[in-house]
Amino acid sequence: MKKRIRIISYSVSVLCLIAAVFLLLISIDSPKNDNLHNKENDLNNEVEHKILYLCSYNTQYYSYDAQYSGIQRSLFENCIDYDIFYMDAKKYGTTQDKLVFHDFLKARMHPGEYEAVLLGDDNALLFAMEYQEELFKGLPMVFFGINDLDLARTSCKNRYITGFYEETYLDILVELTSKLFPDSRQFIAIHDSSVAGRADEKKFFALARNYPEYEFSDINTSTMNKKEFVEALEQIPSDAVIFFMTCYGDNDGKIYSVLSRAHTITNATSAPVIRNYPGGEGQGILGGIYMDFENQCYLAGLTIADILKNGADVSKIPLMETTTSCCAFDWQMIKKLGLNRSVFQEGTIFYNKNPTIIELFGRILPVMGLIVVALLIIIVILNISEAQEKKTNSELRASQEVLLKSEVQLRYLVDNDEILDILNRRTITNFIINEVPVNAKFSMIIIDIDGFKNLNESYGHQVADSILQYMVAVFKEICDGIDCKIARYGGDEFLLYFNDRKICADDELVSRLMNAIHAPIPLGDESLVITASLGIANSDGKTPPERQILNAETAMYNAKDDGKNRVSVYDGELKQKDEEETRIKAKLQEAFDHDGFYMVYQPQIHTKTKKIHGYEALVRMKEQGIYPGQFIPVAERNGWIWKIGRITTELVIKQLAQWRDEGRELYPVSINFSSNQLNDYGYIDFMKDLLKHYKVPANLIEIEITEGMFLAKSALSDAIFKHFQKMGIKLLMDDFGTGYSSLGYLTYIPVDVIKLDKSLVDTYLVDGKDSFIKDIIRLMHDLGKQMIIEGVEEQWQYERLMEFNADIIQGYFFSKPLPAADAIIFQPK
């Protein structure tokens, strides 16, 4: 008998352990997956726009949390960032306070910083309308939570303003109240003299004509102090119904919170209290019907997104006078007052309601049921026959072994990459940080497969994974017998850690790795050849091991920058280059913040007439000793080229306007456009606004785009090219001849002018080869395109190109890039 009890107890323990492990895995896995999902969203959602949010009140206002939640959700979903400024008009509502806020806001706003304005409640709208020309000129504005319908309608007559009226649903609330309290004949509104309070009062008394048998009266808290207010409340009969509206101010100038007012009202009167706004729940308030603030603010955010991302016309977006409502009542108060629950509308929220057993334990009941059933089955089986003891024990031992194996497998999966069966990034990084001393001798190699993204897109993930598995097998074979750890460091990156070893670029191990990478990889009936870039870092007894990981990465990226398919070692020269890049990054940041750029202009000359055709605008930094060949690549690598693109565009358009105002004859100016600017979705609107602001015709702007961007043929690039053409801006193909080998694509790409790269001029504009240049010019003319020849530096080059009927010359033969003042008066000799 004791043995049987022992067996049963053991079985129950095992089952409980299994259930505990199962629940533990669920609890661990769910937040992990949620965090992973959130992280992926954060990575994929980069900020595209930025707006200003003016809030009439402060963060303690009763509707702020709901407003903030709706705004943040809609704006962040659409990659829109925002800054908030609080007027705190409840406390600081005088004319002087408004002037102080105006000066405060004006000092902190920068031209072009915000693309739109979001206005919360009446005071913010009134402020924005008063200072629109000074602070918000040309900016679309969307308001919400406006209590004054006349103000909302008046403001929407402004072509830049639209928004949402705050419907209080007072008519529905009064109707419901009359059904809940059929014996009551006195309705009393409590309000103050604020904009919202007066709006509430007006709506309340407007409903009186619909209920002639009821007495409608009010208490205006702005006309009394707190003591007088309490005395007025104490005079209210218990069979009346109180409508707790906007009533936060008194005649002493004090401002009270919703909770404070709710406490005062419910402690001074026994009459039921109804609200047409949220707040006061659990303070003796029966409930109410009110606008869903979170939903309205979410819709306001979506309206902003529609304007910024889809180009919606603000003047054509009508005022929204009605949005979603919320009906919420205190369940315990309903029971206490014995109210008829059938009169509540469908979807009413009942808070302060005791949860049912299902609501409390619904998630664990199925699990408990399964455990109980399992226990019953085991007990029945154990009581059928003592002969099953050995079998049961055997099964238990097997189950225990499975659990142990599962635990081992889970630990393995935590430390290793499941697909490639090697260490993962977390494990190798922790090993290097925690177990490798600073004075240890070691080397690291980071291997990145060149063009793996294109390979992934061309062959699919399954084939790409098989290629990575093949490479891992090759690495393991090469490193066999060597004290080495192999880890997956990224999607197509590997980190190889070698203990007690120093590796150089011409090391035999490196040669074997490169040869293995270059060897054809079998793919069914065909084979694939890939290349990779290798970065090597060696310990020096001083640098922390974790820093050497970054050094190896730096070396790898240097190999890629040098043309890929090569090896780079992090040495003194590369360290100096790394430090130099860090210095340039700091100077770039400083230049962004302190007007650190200027433009020079290289004239473009008609070959036949020697008259000016136009200019190419070239950006320079005011910081001495930093040249375009240094700061442009750094800006590209760090995602800042879009900032430079906007700065150069504005400087050029302002310069054209200045030349015009000086009475100069204007010529087209070409601006370089980087492929990394394609993600600057607001660039087209930015340029349009600048051209409009400075009254500069679009045909004076030309855009230089590299050959590769035309060939990429993405939907994004095609859309931007069409926008440029629609504006009347010419497109120039820069660096022609340095990339694609076929000329067939020239028949369909949307380009007006071809710029022949200097490298082709130097190579082919020589005796015996110059017919190539002549044929290219003739071909472009046959295709209806002009040719600009870059890099012309000698008299004989100019004369030869004139014989070939070249259209335009650009180069030091005529002029180097000049400051604006010199460029506009330049005359070719």
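Placed above this text is the structure.
Residues numbered from 1 in each chain as written. Predicted model: local features only at pLDDT ≥ 70, side-chain atom pairs only at ≥ 80, totals over all residues. Heavy atoms only, no water.

1. Concerning the pattern of salt bridges
Piece 1. For the coordinates displayed, the defined rule picks out 33 salt bridges.
Piece 2. Note that D150 and K202 form a salt bridge whose closest N and O atoms lie 3.7 Å from each other. With D150 in helix α6 (residues 149–155) and K202 in helix α8 (residues 195–206), this residue pair connects regions lying 52 residues apart in the sequence.
Piece 3. Residue E201 pairs with R198 through a salt bridge whose shortest N-O separation is 2.8 Å. Residue E201 and its partner R198 are both found in helix α8; the two are separated by three residues, about one turn of the helix.
Piece 4. By relative accessible area, R198 is classed as partly exposed at 39%.
Piece 5. Members of the salt-bridge network, linked through shared partners, are E616, E704, K755 and E790. (Salt bridge = Lys/Arg side-chain N within 4 Å of Asp/Glu carboxyl O. Helix = DSSP H or I, 4+ residues; strand = E, 2+ residues; numbered from the N terminus. Buried < 20%, exposed > 50% of the residue type's maximum accessible area, 1.4 Å probe, protein only.)

2. As for the environment of L656
Piece 1. One can find L656 in helix α23 (residues 641–661).
Piece 2. Here the alpha-carbon distance between L656 and Y694, two residues 38 residues apart in the chain, equals 8.7 Å.
Piece 3. Here L656 is in contact with L666, Y667, V669, V696, L700 and I701, once residues within four sequence places are set aside. (Contact = heavy atoms within 4.5 Å.)

3. Things to note about the packing of aromatic side chains
Piece 1. For the structure on display, the rule yields 38 aromatic pairs.
Piece 2. With a centroid separation of 6.0 Å and an interplanar angle of 85°, the aromatic rings of F592 and W640 are classed as edge-to-face. Taken together, the residues F592 in helix α21 (residues 572–593) and W640 in the loop between α22 (628–637) and α23 connect sequence positions 48 residues apart.
Piece 3. Judged by its relative accessible area of 16%, F592 falls in the buried class.
Piece 4. With a centroid separation of 5.8 Å and 85° between ring planes, the pair formed by F673 and F724 is classed as edge-to-face. One end of the pair, F673, is in strand β24 (residues 669–673); the other, F724, is in helix α26 (residues 715–727), and 51 residues separate them in sequence. F724 carries the same exposure label as F673, and that label is buried.
Piece 5. Taken together, F187, F204, F205, Y211, Y214, F216 and F243 form an aromatic cluster joined through their ring pairs.
Piece 6. Looking at R425, its charged tip hangs above the ring of Y489, at a distance of 3.9 Å from the centre. (Phe/Tyr/Trp six-rings, centres within 6.5 Å; stacked < 30°, edge-to-face > 60°. Lys NZ or Arg CZ within 6 Å of the ring centre and 35° of its normal.)

4. What to know about the sheet that holds strand β28 (residues 786–790)
Through backbone hydrogen bonds, the strands of a sheet pair up, either in parallel or in antiparallel fashion.
Piece 1. Read around the closed barrel, the eight strands follow the order β22-β23-β24-β25-β26-β27-β28-β29; overall the barrel is mixed. On average, each strand axis in the sheet is inclined to that of its neighbour by 30°, with strand direction left out of account.
Piece 2. Looking at chain direction, strand β22 (residues 597–606) and strand β23 (residues 612–621) are connected through nine bridges and run antiparallel. Residue Q602 lies in a different strand from β23, and its bridge partner there is E616.
Piece 3. Contacts between α23 and the sheet are confined to β22, β23, β24 and β25 (701–706), with β22 contributing the most and set at about 65° to the helix.
Piece 4. In this fold helix α28 (residues 770–782) packs onto β26 (730–736), β27 (753–756) and β28, with an angle of close to 150° to the strand it touches most, β28. (Pairing = 2+ DSSP bridges. Axes fitted to C-alpha atoms, helices over the stretch in contact; angles between N-to-C directions.)

5. A short note on the sheet that holds strand β9 (residues 273–275)
Piece 1. Read from one edge of the open sheet, seven strands run β7-β6-β8-β9-β10-β11-β12, paired in mixed fashion. Each edge of the open sheet is held by one strand with a lone partner, namely β7 (215–220) and β12 (349–351). Each strand axis lies, on average, 25° off the axis of its neighbour in the sheet, ignoring direction.
Piece 2. Pairing of strand β8 (residues 241–244) with β9, which is carried by three bridges, proceeds in the parallel orientation. Each bridged residue has a counterpart across the sheet, and for F244 the counterpart in β9 is R275.
Piece 3. Helix α10 (residues 258–268) contacts β6 (186–191), β8 and β9 of the sheet and is inclined by roughly 165° relative to β8.

6. With respect to the side chain of R800
Piece 1. Tracing the sequence through the fold places R800 in helix α29 (residues 795–803).
Piece 2. The class of R800 is buried, set by a relative accessible area of 18%.
Piece 3. A polar side-chain atom of R800 sits 3.4 Å from a polar atom in the side chain of D767.
Piece 4. With sequence-adjacent residues up to four places away left out, R800 is seen in contact with L765, D767 and D770. (Polar contact = N/O pair within 3.5 Å; in protein donor to acceptor, adjacent residues only side chain to side chain.)

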